[in-house]
Amino acid sequence: MNYEHILVAVNLAKIDPQVIDRGVSLAKAAGARVSLIYVDISYVDRVAILDDEDVESVHKSKEELARQLQLLADCSDYPITNTLVVSGGLSHKLQETVRKMDVDLLVCGHHHNFWSRIVSAVRELVETSPIDLLIVHLDE
């Protein structure tokens, strides 16, 4: 299959260039577009219950995350079409983005360690992804 739009899920808390490199490598071979996404799972989309100071803090935090993601895009040797910072459940937000942006391959990383075996978002992605999914093995 020749991919046209590859979405690379990036973990800004533990950046591993292997995931981005793999997505870019596949994109180069296929002439595909590449987008990067970071899903902030620590923030619940309930801004309405926050006061003005909290909302401003959340906004500044998202701006910083967007800046970090853009820096990664700028370091790529291949054009990155979009950089997105979204908040909410990982699987839900990735599926939503895949549909909205007409993505046909999702690339993400997975650390093989004790905690990842017990609590892993990858299992849910495998079961719910509406498109092809490439999971890049990451060493600890």
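The model shown is predicted, which means the values in this text are computed figures rather than measured ones.

Peer 1: Where do I start with the pairing of strand 2 (residues 33-40) in this structure?
Peer 2: Consecutive side chains along a regular strand alternate between the two faces of the sheet. The element strand 2 is extensively covered by neighbouring structure, given that seven of its eight residues are classed as buried. In this structure, strand 1 (residues 5-9) lies alongside strand 2, joined through five bridges in parallel fashion. Bridge pairing links Val8 to Leu36 in strand 2. A crossover links strand 1 with its parallel partner strand 2, the connecting element being helix 1 (residues 17-30), and its sense is right-handed.

Peer 1: I keep staring at the pattern of salt bridges and nothing clicks. Help me out?
Peer 2: Pairing is possible between side chains that carry opposite charge, provided their charged atoms lie close to one another. Counted under the stated rule, the structure contains four salt bridges. Between Lys28 and Asp77 there is a salt bridge whose closest N-O contact spans 2.8 Å. Taken together, the residues Lys28 in helix 1 and Asp77 in the loop between helix 2 (52-75) and strand 3 (82-87) connect sequence positions 49 residues apart. On the basis of relative accessible area, Lys28 is assigned to the partly exposed category, the value being 42%. Note on Asp77: relative accessible area 62%, which makes it exposed. Between Glu64 and Arg67 there is a salt bridge, with the nearest N and O atoms lying 2.7 Å from each other. Here the residue Glu64 and the residue Arg67 both occupy positions in helix 2, the gap between them amounting to three residues, near one helical turn. For Glu64, a relative accessible area of 32% translates into the label partly exposed. Linked through salt bridges whose partners overlap, the residues forming this network are Lys93, Glu96 and Lys100.

Peer 1: I'm lost on helix 1 in this one. Help?
Peer 2: Taking 1.5 Å per residue as the helical rise, helix 1 with its 14 residues ought to reach 20 Å, and the 20 Å between its terminal C-alpha atoms agrees with that figure. Listed as buried for helix 1 are Val19, Ile20, Gly23, Val24 and Ala27. The arc enclosing the buried residues of helix 1, seen along the axis, measures out at 125°, which places them on a common side. Gly31, located one to two residues past helix 1, shows a positive phi value of around 70°.

Peer 1: Would you take a moment to explain unusual backbone geometry for this structure?
Peer 2: Most of the time, phi is negative for any residue but glycine, and the peptide bond is trans. A positive phi angle, near 55°, is found at Asp102, a position not held by glycine. Mapped onto the fold, Asp102 is located in the loop between helix 3 (90-101) and strand 4 (105-111).

Peer 1: Before we go on, may I ask you to explain the pairing of strand 1 in this structure?
Peer 2: Counting buried positions over the five residues of strand 1 gives five, a clear majority of the element. In strand 1, alternate side chains face the same way, and those of His5, Leu7 and Ala9 on one face and Ile6 and Val8 on the other are all buried.

Calculation criteria
Residues numbered from 1 in each chain as written. Predicted model: local features only at pLDDT ≥ 70, side-chain atom pairs only at ≥ 80, totals over all residues. Heavy atoms only, no water. Buried < 20%, exposed > 50% of the residue type's maximum accessible area, 1.4 Å probe, protein only. Helix = DSSP H or I, 4+ residues; strand = E, 2+ residues; numbered from the N terminus. Pairing = 2+ DSSP bridges. Right-handed = clockwise from strand over helix to strand, strands pointing away. Salt bridge = Lys/Arg side-chain N within 4 Å of Asp/Glu carboxyl O. Expected span 1.5 Å × (residues − 1). Arc of directions from axis to C-beta.

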